[in-house]
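Structural overview for review
Each chain, written out:
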Amino acid sequence: MTLVAIALLGAIGLLVGSFLNVVIHRVPLGTSVARPRSACPHCGHPIRARDNVPVASWVLLRGRCRDCRAPIPGRYPLVELATGAVWVGLGSWATGPGDQIGLLPWLLVLGSAGIALVVIDAEHHRLPNVIVLPLYPAGVIGLALAGLIGGRWPIAAAAVGAGIWLAVIGGLWAVSRGRGMGFGDVKLAPVLGVTLGWVGVSAAVVGLGAAFVAGGIFGAVLLLSGRAGRGTHLAFGPFLIVGAAVGLVLGPPVARLYLGA
Ligand SMILES: [Zn+2]
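Everything numeric here is computed off the predicted structure, so don't read it as measured data.

1. Some thoughts on the nonpolar core
Soluble globular proteins tend to pack their nonpolar side chains together in the buried interior. The biggest cluster of nonpolar side chains holds 64 residues, and the ones touching the most others in it are L90, L107, A116, W165, L192 and L240. For this core, the leading source of residues is helix α4 (residues 104-124), giving 12 residues. Split by domain, the residues of this core number at least three in each of domain 1 (1-96) and domain 2 (102-261). For L90, the contacting residues outside a window of four places in its chain are L104, L107, L108 and G111.

As structure tokens, then:
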């Protein structure tokens, strides 16, 4: 990827991250993400355009509202930085050895939604339908676009990926009667599985495994550090999404390793 492309993806990612902060704040409240304009939740003063520049404004304001000096959580610049980094990361992945440039538009949509879902699920223990359900039609369009651009239609592998994720997450949801997994996880699983399957069945398998490894490690750390007891409910959505990212990166090399290619 050229420096110009990296800078462009990073800059758009930062702006998208700024919008994701609005999504993360308003969707759990059930209010519109389009209006009204952003305001300080403490004093209600509308945010000026110059105070709405991703990351930079937060740094210049030293993390405080210009009007009432109420602290602005560090989550805001972190979400913006994370989104910028994910956009650059996905861009370099898509233009890398696998040549998945056709998949990039959909990955950028899914990755951005994923960041919002990670934060919302971690804070509120839910994966809102208004974010998850539109990913179904968006995914169909995104994968069709990938097929048209890339000239490859790995429909069977994509279906296998969706099936594996749905079977495992849906199975755990059914067995645990919704305590181990939420139904939001079940709805999100096929979207992640179908996308990884499109890349390769290995990506779908590695991604699902990575989700459980990540969740297991995190849960063990919480238990051992005394921050959680046996009854503590851990939101699993963030691990599904992080696992999917790991599967995307590590799936293809793992497949090559096993096939001895
Ligand atoms: Zn204020």
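Further notes follow.
2. Brief notes about the domain arrangement of the protein
For the protein, the assigned domains are domain 1 (1-96) and domain 2 (102-261). Between the C-alpha centres of domain 1 and domain 2 there is a distance of 24 Å. With 15 residues of domain 1 at the interface, the matching set in domain 2 holds 16 residues. Put simply, the parts of the chain that give the side of domain 1 that touches domain 2 at least two residues each are α1 (3-26) and α3 (75-94). The element that contributes the greatest number of residues to the side of domain 1 that touches domain 2 is α3, accounting for nine residues. Here the residues of the side of domain 1 that touches domain 2 are counted per class, giving 13 nonpolar, two polar and no charged.

Conventions we followed
- Residues numbered from 1 in each chain as written.
- Predicted model: local features only at pLDDT ≥ 70, side-chain atom pairs only at ≥ 80, totals over all residues.
- Core = buried A, V, L, I, M, F, W, Y, C linked by C-beta atoms within 7 Å.
- Buried ≥ 20, exposed ≤ 12 C-beta atoms within 10 Å, placed from the backbone.
- Helix = DSSP H or I, 4+ residues; strand = E, 2+ residues; numbered from the N terminus.
- Domains from an automatic or database assignment.
- Contact = placed C-beta atoms within 7 Å.
- Nonpolar A, V, L, I, M, F, W, Y, C, P; charged D, E, K, R; others polar.

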